Every structure is written in structure tokens, then in C-alpha cells.
Amino acid sequence: MLSSEIAELAGVTVRTVRHYHQVGLLPEPPRSSTGYRHYDISHLVQLLRIKRLTALGVPLSELSTVLDVPSAAESLLEELDLQAAAEIDRLNARRARIAALRRSGSPPDLAPELAAWRSTPDISLPEDMSRLEHEQLVLLGHLLGDRGHEVFTEGFAALNTRMIAPLTARFSALDADTPDAEVDSLIHEMVSTLRPVQARFADLPPLDDQVAALMDELTARRLLPVQRRVLREIQEQLEALEEG
């Protein structure tokens, strides 16, 4: 048999046959006077054994041991079974996340619990504000971890969304021409709205300097100076109230 013929019989590629030669799993027959390798039935049987073991997940590094000492397969099969079980659990968890995303209609790059923090449909945000909100959730979702997701979900569930919706719309409308009175009024109303639920976020892990810097960089790229000022003053007032 030529390499193409043995590969076809075994259901593998010629490249795979050559690779098994290179790693020492399949003996390499000498070339004939015409320059071709000719394989016999023993090569085919060995190739079929290799294919069967690799299909079970036996790594190439372990194949020679299992091929030469079949009794060595028992402990290896136990390990492969544990790995397969872990892979099944991982895939089931992935399917559950996909199902949750499909049920909620959430963007696939956000976990459903994170997507729930987005502005409600009745708020018409400009495209740049919508993008900022989405990017903030992506970043926070990664930096806070699963426990952070839970705490934020509980905290936002306690917010009065009917009050937050118009405040968010007002925040998105801020620009350099916004009167100081409107800016101050918005800060006051946001603090009043957030203050009652501030304790809900006490269990969140503190944001280290790197995380804070990343969030600042994101808002600096997306927000106007007046909007950054509003966020800064809201944070300072909430911190002062908490300390007091």
C-alpha cells in the first residue's frame, strides 16, 4: 500500500500518517527503488490502533505507553473519563448561558445579569452614550467577577427605575451649553436617588487603582467634561454621606 492508500483505508490524512512517523508512533517503511514507501497490514493495524486511542482522547505523548503496555490504559482511561465529565459540565454550562441569552434577548457579549443593568427601552440614548454604557458593562463584568454581578444585580433591582430613566436621559443630554442650575439639580437628584440603595453595594470588592484608572480612561474617551464633572461630584457626595 502507498501512503495515500493506507491513509484512505484508515480514514486519516497522509499528513497525519507522516506526523505519526515523525513522533515515532508508526514505523516508517523503507522506500522502494522507485522512491515510494510501501506499507503492509501491520502498519494499517497500528494506524487503526492509534486512531482509536486518539479518538478516546489519549494524548500523543501517552500513546506509545498504551500501545506497548495495554494494562497501562486502565489508569489513563480513568483520567480521560474525569476529563470528559468536566468537559460535559463545561459544555452544559455554556448551553445554559446561551439559553439564558436567547430568553433575555441580551447581547451575546454580556452575561444576562449584566445586560439587565442597561438603560430601559423607554430611554432614548444617543448612540455614543449607548456605546459607553455597553462598554462599561463589558469592562465591569470582567473586573468584578461573578460575586460582583450578584451584588450589582441586587443593588440595581432596588433602584426606582421610573426615577432613574429620566435622570439618565438628562445626563445624556448634558453639553457645554447646559446651565449650571440644571447640572446642580441633576447632581442633587441623582444623589438623592442613589443614596437609599448605596448600602446594597457595600459588599462589592473595592476597585483597585488599576481598575479605577481603566474606568476613568473609558469615560474620558466617551464623556464630555460636564458629564465627567457630574459623575465625579455624585461620587464625592455619596462618599461624604457614607463617611458622615
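Residue numbers restart at each chain and count upward from 1, following the sequence in its written direction. Thresholds applied to this predicted model are a pLDDT of at least 70 for local features of residues and 80 or more for the giving and counting of side-chain atom pairs; totals over whole chains, interfaces and linings are not thresholded and use all residues. Think of the side-chain values as coming from all heavy atoms in the structure, minus any hydrogens and water.

Turning to the pattern of salt bridges, a few remarks are in order. Salt bridge, as used here: a side-chain nitrogen of Lys or Arg that lies within 4 Å of a carboxyl oxygen of Asp or Glu. Here the structure, examined in full by the defined rule, presents eight salt bridges. E87 is paired through a salt bridge with R90; the nearest N and O atoms lie 2.5 Å apart. In this pair, E87 and R90 both sit in helix α5 (residues 73-104), three residues apart, roughly one turn of the helix. Residue classification places E87 among the partly exposed positions, given a relative accessible area of 33%. Any residue under 20% of the maximum accessible area for its type is buried, any over 50% is exposed, and the rest in between are partly exposed; the area is computed with a 1.4 Å probe on protein chains only. Judged by its relative accessible area of 40%, R90 is partly exposed. Ionic pairing is found between E135 and R222, a salt bridge with its closest N-O pair at 2.9 Å. Of this pair, E135 sits in helix α7 (residues 127-157) while R222 sits in helix α10 (residues 209-222), and the two are 87 residues apart along the sequence. Its relative accessible area of 23% is what places E135 among the partly exposed residues. Judged by its relative accessible area of 28%, R222 falls in the partly exposed class. Salt bridges sharing common partners tie together R170, E182 and E189. Numbering goes from the N terminus for both helices and strands, where a helix is a DSSP run of H or I of at least four residues and a strand is a run of E of at least two.

Next up on the list: the packing of helix α9 (residues 180-194) against helix α11 (residues 225-243). For the pair α9 and α11, the least separation of the axes is 10 Å and the interaxial angle reads 40°. By the angle between their directions, the pair α9 and α11 is classed as oblique. In the crossing of α9 with α11, the sense of the turn from one axis to the other is right-handed. In contact with D180, V183, D184, I187, M190, V191 and L194 of α9, α11 contributes V226, R229, V230, E233, I234, Q237, L238 and L241. Simply put, an axis is a line fit to the C-alpha atoms, just over the touching stretch for a helix, and the angle between two N-to-C directions goes from 0 to 180 degrees. Should an angle fall under 35 degrees it is taken as roughly parallel, and over 145 as roughly antiparallel, whereas 65 to 115 is taken as roughly perpendicular and any remaining angle as oblique. Two helices cross in a left-handed way if the nearer one is turned anticlockwise from the farther one by less than a right angle. They cross in a right-handed way if the turn is clockwise. Residue contacts are counted whenever heavy atoms from the two residues lie within 4.5 Å of one another.

Among the nonpolar cores identified, the biggest contains 19 residues, and L47, I50, V58 and L63 are the most heavily contacted of them. Elements with a contribution of two residues or more to this core: α1 (3-10), α2 (14-22), α3 (41-55), α4 (60-68) and α5. Beyond its immediate stretch of four places on either side in the chain, V58 contacts L53, L63, V66, L76 and L80. As used in this record, nonpolar core signifies buried Ala, Val, Leu, Ile, Met, Phe, Trp, Tyr and Cys residues forming a set joined through side-chain atoms within 4.5 Å. In terms of nonpolar packing, the next biggest core, distinct from the first, is built from 16 residues, L174, V183, L186 and V191 among them.

It is worth spelling out the environment of S185 at this point. As for its position among the elements, S185 is in helix α9. Each polar contact in these results corresponds to two N or O atoms within 3.5 Å; when the atoms are within protein, one needs to be able to donate a hydrogen and the other to accept it, and residues that are neighboring in sequence are counted only if both atoms are side-chain atoms. A polar atom in the side chain of S185 sits 3.4 Å from the side chain of R170.

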